[in-house]
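Residue-level structural notes
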Protein chains: 2
Amino acid sequence: MSYGFMGKLLRADLTHGQVTSEPLRDDWARQFAGGAGLATRYLYDEVPPGADPLGAENRLIFMTGPLTGTPSASASRYSVVAKSPLTGIWGHANSGGTFGPALKRAGYDGIIFDGISPQPVYLQIVDGQAELHPADHLWGTTVPETEDLLRAGGPQGLTIAAIGPAGENLVRYAAIMNNKHRAAGRCGLGAVMGAKRLKAIACAGQEAVPLADQALFRQTARTQIDLLNESFLKVGFDAFGTNMVADMVNVRGGYPTRNWQMGRFEQIEEVNAQAMTDKVLVEGVNCFACPVVCGRGTEIREGKWQGHSGEGPEYESVNTLGAQCEVSDLNAITMANYLCNDYGLDTISAGSTIAFALECYERGILTPEQTGGLELRFGDADLVIDLVEKIARREGIGDLLAEGSRAMARTLGGGSEHFAMNVKGLELPAYDPRAAKICGLGYVTANRGGDHITAYVEGPTFIDVPFLLVEDSSIRDPFVAEPQEARVLVDMENALTSLDAVGGCKFMGILLSAEDLVGLIAAATGWEFGVEEFRQTGERAYNLMRAYCVREGITRDQDTLPGRLMSDPLPDGPAAGMVIDRETLEMMKDAYYEFRGWDKASGIPLPGKLRELGLDDLVDDLWAGR
Amino acid sequence: MSYGFMGKLLRADLTHGQVTSEPLRDDWARQFAGGAGLATRYLYDEVPPGADPLGAENRLIFMTGPLTGTPSASASRYSVVAKSPLTGIWGHANSGGTFGPALKRAGYDGIIFDGISPQPVYLQIVDGQAELHPADHLWGTTVPETEDLLRAGGPQGLTIAAIGPAGENLVRYAAIMNNKHRAAGRCGLGAVMGAKRLKAIACAGQEAVPLADQALFRQTARTQIDLLNESFLKVGFDAFGTNMVADMVNVRGGYPTRNWQMGRFEQIEEVNAQAMTDKVLVEGVNCFACPVVCGRGTEIREGKWQGHSGEGPEYESVNTLGAQCEVSDLNAITMANYLCNDYGLDTISAGSTIAFALECYERGILTPEQTGGLELRFGDADLVIDLVEKIARREGIGDLLAEGSRAMARTLGGGSEHFAMNVKGLELPAYDPRAAKICGLGYVTANRGGDHITAYVEGPTFIDVPFLLVEDSSIRDPFVAEPQEARVLVDMENALTSLDAVGGCKFMGILLSAEDLVGLIAAATGWEFGVEEFRQTGERAYNLMRAYCVREGITRDQDTLPGRLMSDPLPDGPAAGMVIDRETLEMMKDAYYEFRGWDKASGIPLPGKLRELGLDDLVDDLWAGR
């Protein structure tokens, strides 16, 4: 087995309550460098096309990478992969904190869950020993309650990933939470966990990650940590956290406001990073071994939620639960964020779906009869908090909102699809691509649907932060779409997929070059691993993920944006009057597919590209009979 | 006349005490976009080759640019150009604060001084009226004293540039100071001013800079200020000032220590930005109209200099007056910096020359007989302060140090030239190029001698900050010299020369693209001014400056580094064992001259390049008889 990996996978057959250990596929580990690509290789092979995401056939796969749990900068991450109940295609979520490292210290690189347990269970892994235990006493409890109960009754030093009531209730954007406040948030993988009646995974162990060249690894990692410790990135993030970018996005006119009706939030000063510092910040929080302290330990110091504390909100959550609903009360936004964490909800999809519902109500598409008399008005902070609870519990109108904006629009009709702000069912994050066109292309080409962090071209556009991880991430004029910029997007997608795979945080791609990273990966794994292989690893994974989506019915036609972005001009700010018209989007897609080596007509990876990447077995799946 | 300019130059014939006004050369203003290039065009034409820098023939030329004094981000800067008494070649210094804007409001784009006044004078310009006044009462006073005296006795609202005793005493690295604490520091132009017996220039006026399209200009400027207000750059600089980079450079092993014997300073924590904040910071200070508050208003709060206050020290000053002399007492460094400002000394050359003297003494090349018994030891904070005063007053050993490290090495011999850390006589700034090779090439190609800010390739290497102003400023591996990186250097030199010319601060080139800037320049001047012309303007100026140096005897042979950098490996840190060997440097120079269109054998701009840039008249000067 390669160094850097523990070499073992757990398989939990929940239907029969059996847990077995098996060797990790060494060849796949190297082909994908771990993480989401490696997990997707299992998913692609084991879950048949058309499977019900909430059924027994779906797999829920946790996977780490070779750097996860090593003493290097930001090696905290783990990925979860499954077919998504929100989008019906490839589902992926990723989280930091300390759960990924804990899983490896417990002896495993990953876990594959299949089947459905007859009653609630949790999986406990201590020093290599894995057992399923009944979880009836945990069912119905919030995430912090579950963690506290498990730790109180369990062995020393447990680190926990769990779902809350939202996951149990199959809210289609339920999150998997770890360290109480960290979310593997997107794509509703908490609902997959809930459907399997798996409440939590609790790990403890002391096994060290085996390193091929420990001395070299430590020296390389130390140098990188030293650099990160003395960086602009750290200065900014330590001081202000991710919400630092709120002002940067707002000033560029791309801060989604009132369900994307506007690109500037008039009350930005009440919700920006300075406001967070003034009103709720207690202390910065970092992930395992990370020198950058971007997390925010917070508490509400006044008003009706006084005394509540937790972590966040992060930038995205402030926007979706705030400006998108026209709410500027930072204490209320913070409380809504705490509730999303406690119940286990993706804040982006939750806030965005609420904002969508508010506009539906304003337009009479959603009626008082349907809401049970509840008045859904923009700007009502108490209502947002109430709706978060109703969604998590599927109470009243919350039951409809729990399906997400795409399903709601299908149910409600009345032209609401035009302003249901999702791509392929995944609600969009807080960067309006009308103010940075390349970000719109990024939303339609991200394999999991409307997502920013797949390529994070928001970095070099909205926040003027280029990524050293790629050769050139520069976008000259965000307002103007140029076909050759698709090359930047492709490079960013591939490189960040590789960084993600090994267990690194994508923010590190701002400061660490591919050369820096391959040195670390080679020292960890013992592979002769160069920049070329680093990039190809990401490209291979990206094509496999696309293939998974294609097999589920995705083609070029579904690579598109909500109607609002293509036809409703932004009313204000520096991007006033702008849209991404369909012609521009299609022009950019042409360029993108060409750079990718995908068929332009269908958006499907061409046989030649698949073979070049060693994915020969996919050719028949995608091309037979076309 | 173009908009953006006042359209008038002052000419002060100091020998005869006459001041006249003349129209600014409109054609030259456009060819060089103002600033140092424009000033150099006058200098080149008016000062004969071989002129004595301290003689009557030399011109001292102050020049602003079209953005100076406009309501745009960081439009505060003015340049001073003359033949340098320190280097004997093209001399240039640039400063912010409010003097540049004040000169324009008084009615003039620039001033050309020639001759030598029989007695001390100052020039007063109020609302377009310029007069020379006797300055006997000011002679011998420090910079703050001069400012206070002039303001006490003069008209309302005077903004002042002045020299201190160092300039009067012809210290070859005397600075011109404005706003008491801001320095047009490099190349000893304060000595030129002193030689002309010009103590100060005092301006007042209310004339507005004429703008071609005021509404468009204000809107464009507003958008850019908004962007800068919400930037990583501002967050970092506001919090920590320029000394923020101390840790970044130190951690990369390029923080010059003990006269460049080492690349890491063990006591960095005592002198870094956090230490400044803790020990001496009072408040941030910004330049005219600038949203970035990088200046440090400071005071000494304890110890023997308690109660002294002023501005700074900036990053360079902390290093040269600190680590280079092995001094880690931040209060002492701050006091030494105040004295440099009060006496009007360039801190880089002052600290660096002192460090050189310390090593000469340690090696017995400088003897107690020569120092008058003074023991010159590394690590003696009181000594550094004492030497600053002795240099400014040319007292005792200070008289030798006042000549700069190159002249000292020639006087002292004993192999000291090897560690006299200057290029072409200009002492090097605080970035060791053994830890970032491209910076070494930058030192040898900067027209004014060993300088960092000409190209600031230290940004994309030591501090991982790329410059959006150029197409691509990325340097993949700072430790390894690649010939194609010379292209980055050329692009940076040209673009920053243009930015400097229009009156902008080079830090703005981190965040403002050429596209951003040309919009502003076009709105100010009414020129149809595109990115291509922006870049060519800088290239034209760069070639003219080079031509000036060539005419004074500079060829490829003088484009070289101190012996220490080429043959003494760094002893510690990540760059341990590294030098820039001569072969590598020559390889990089080959690539550089090629990208520049300069003759490889001589380093002289080729006739074709000069003609391409409209500098046809230089061809004969440089090539006749070769």
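Residues numbered from 1 in each chain as written. Chains lettered and ligands numbered in written order. Predicted model: local features only at pLDDT ≥ 70, side-chain atom pairs only at ≥ 80, totals over all residues. Heavy atoms only, no water.

Our next topic: the overall build of chain A. Along the backbone of chain A there are 27 helices and 17 strands. In terms of principal-axis extent, the alpha carbons of chain A reach across some 60 × 55 × 55 Å. Looking at chain A as a whole, 66% of its 626 residues qualify as buried. Contacts in chain A between residues at least 24 apart in sequence constitute 69% of all its contacts with a sequence separation of at least 6. Only carbon and sulfur atoms are counted for the fraction: they give 47% of the accessible area of chain A, which is about 18,800 Å². Computed over 55 positive and 84 negative side-chain charges, the inter-centroid distance for chain A is 2 Å. (Helix = DSSP H or I, 4+ residues; strand = E, 2+ residues; numbered from the N terminus. Buried < 20%, exposed > 50% of the residue type's maximum accessible area, 1.4 Å probe, protein only. Contact = heavy atoms within 4.5 Å. Areas by Shrake-Rupley, 256 points an atom, 1.4 Å probe, with all protein chains shown as cover. Lys, Arg positive; Asp, Glu negative; His and termini not counted. Charge placed at Lys NZ, Arg CZ, Asp CG, Glu CD.)

All names here are of chain B. Taken together, the six bridges between strand 7 (residues 121-126) and strand 8 (residues 129-134) define a ladder with antiparallel strand orientation. When the sheet's bridge partners are listed, valine 126 is paired in strand 8 with glutamine 129. Here strand 7 folds back onto strand 8, and the loop between the two strands holds two residues, one of which, aspartate 127, carries a positive phi near 50 degrees. (Pairing = 2+ DSSP bridges.)

Hydrogen bonding along the main chain pairs the strands of a sheet, whether they run parallel or antiparallel. Residues and elements named next belong to chain A. Reading across the sheet, the three strands line up as 13-14-15 and stay open at both edges, with antiparallel pairing between neighbours. Edge strands, defined here as strands with exactly one partner in the open sheet, are strand 13 (281-285) and strand 15 (309-311). Between one strand axis and the next, the sheet turns by 20 degrees as a mean value, whatever way the strands run. Contacting strand 14 (295-299) and strand 15, helix 13 (residues 330-343) crosses the sheet at an angle of about 75 degrees to strand 15. (Axes fitted to C-alpha atoms, helices over the stretch in contact; angles between N-to-C directions.)

Attention shifts here to the environment of B:Val490. Residue and element names in this part refer to chain B. Considering the arrangement of structural elements, one finds valine 490 in helix 21 (residues 485-502). By relative accessible area, valine 490 is classed as buried at 2%. Valine 490 sits 125 residues away from isoleucine 365 along the chain, and the two C-alpha atoms are 39 Å apart. Those residues in contact with valine 490 that lie beyond four places of it in its chain are Tyr592, Phe595 and Arg596.

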